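# Notes for the structure review
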Amino acid sequence: MKPFTENVITVLQQIPEGLVMTYGQVARAAGSPRAARQVVRILHSMSRKHDLPWHRVINVKGQIALKSEEGIMNQKSMLEDEGIEVSETGNVDLGTYQFHPDVILDEGDTP
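Now for a description of the structure that goes with this document. All values derive from a computational prediction rather than experimental measurement.

What follows deals with the side chain of His55. For His55, the position within the fold is in the loop between helix 3 (36-50) and strand 2 (57-58). Judged by its relative accessible area of 6%, His55 falls in the buried class. Ignoring sequence-local partners within four residues, the contact set of His55 consists of Gln75, Met78, Leu79 and Glu82.

Listed below in structure tokens is the structure:
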């Protein structure tokens, strides 16, 4: 596994219940600020295998970014179960619910 992928998994595992991070924020915290799309790929391919809290990651506008209606409703429900308020349009108030990790990893760091 590449160091960036390991770092992304480490960052994702640190997001506490009831808080969210953005794709770009996860990428920055994992050591590669321009790799938000790679974070999406990692979430898509590794969430089950590593039991990642995929539902706690949203876009920079504070919106659920899934395409399917079923996926949107599933993520919305999971966030609400953790006490996060999600609007009818799938928006989350980042000012209230955004997690800011203490540690920022470099791409070459190992968790």
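What follows continues from the structure just given.
Look at helix 1 (residues 3-14) against helix 3: their axes get within 10 Å of each other, and the N-to-C directions meet at 70°. One finds that helix 1 runs roughly perpendicular with respect to helix 3. Our pair here, helix 1 against helix 3, has a crossing hand that is right-handed. Every residue of helix 3 that contacts helix 1 at Phe4, Thr5, Val8, Ile9, Leu12 and Gln13 is listed here: Gln38, Val39, Ile42, Leu43, Met46 and His50. Among the residues making up the contact of helix 1 with helix 3, the classes are represented as eight nonpolar, four polar and no charged.

Turning next to the environment of Ala30. When you line up the elements, Ala30 lands in the loop between helix 2 (23-29) and helix 3. Between the C-alpha atoms of Ala30 and Thr10, which are 20 residues apart in sequence, the distance is 8.1 Å.

Across soluble globular proteins, nonpolar side chains have a tendency to be buried as a group. In terms of nonpolar packing, the biggest core is built from 20 residues, with Phe4, Val8, Leu12, Met21, Val26 and Val39 touching the most fellow members. Secondary structure elements with two or more residues in this core: helix 1, helix 2 and helix 3. Of all the elements, helix 1 adds the most residues to this core, at five residues. For Val8, the residues in contact, after removing those within four places along its chain, are Val26, Ala30, Val39 and Ile42. Counting nine residues, the second largest nonpolar core, distinct from the first, contains Val20, Ile58, Ile64 and Leu79.

Reading the values: rules and limits
Residues numbered from 1 in each chain as written. Predicted model: local features only at pLDDT ≥ 70, side-chain atom pairs only at ≥ 80, totals over all residues. Heavy atoms only, no water. Helix = DSSP H or I, 4+ residues; strand = E, 2+ residues; numbered from the N terminus. Buried < 20%, exposed > 50% of the residue type's maximum accessible area, 1.4 Å probe, protein only. Contact = heavy atoms within 4.5 Å. Axes fitted to C-alpha atoms, helices over the stretch in contact; angles between N-to-C directions. Parallel < 35°, antiparallel > 145°, perpendicular 65-115°, else oblique. Left-handed = near helix turned anticlockwise from the far one by under 90°. Nonpolar A, V, L, I, M, F, W, Y, C, P; charged D, E, K, R; others polar. Core = buried A, V, L, I, M, F, W, Y, C linked by side-chain atoms within 4.5 Å.

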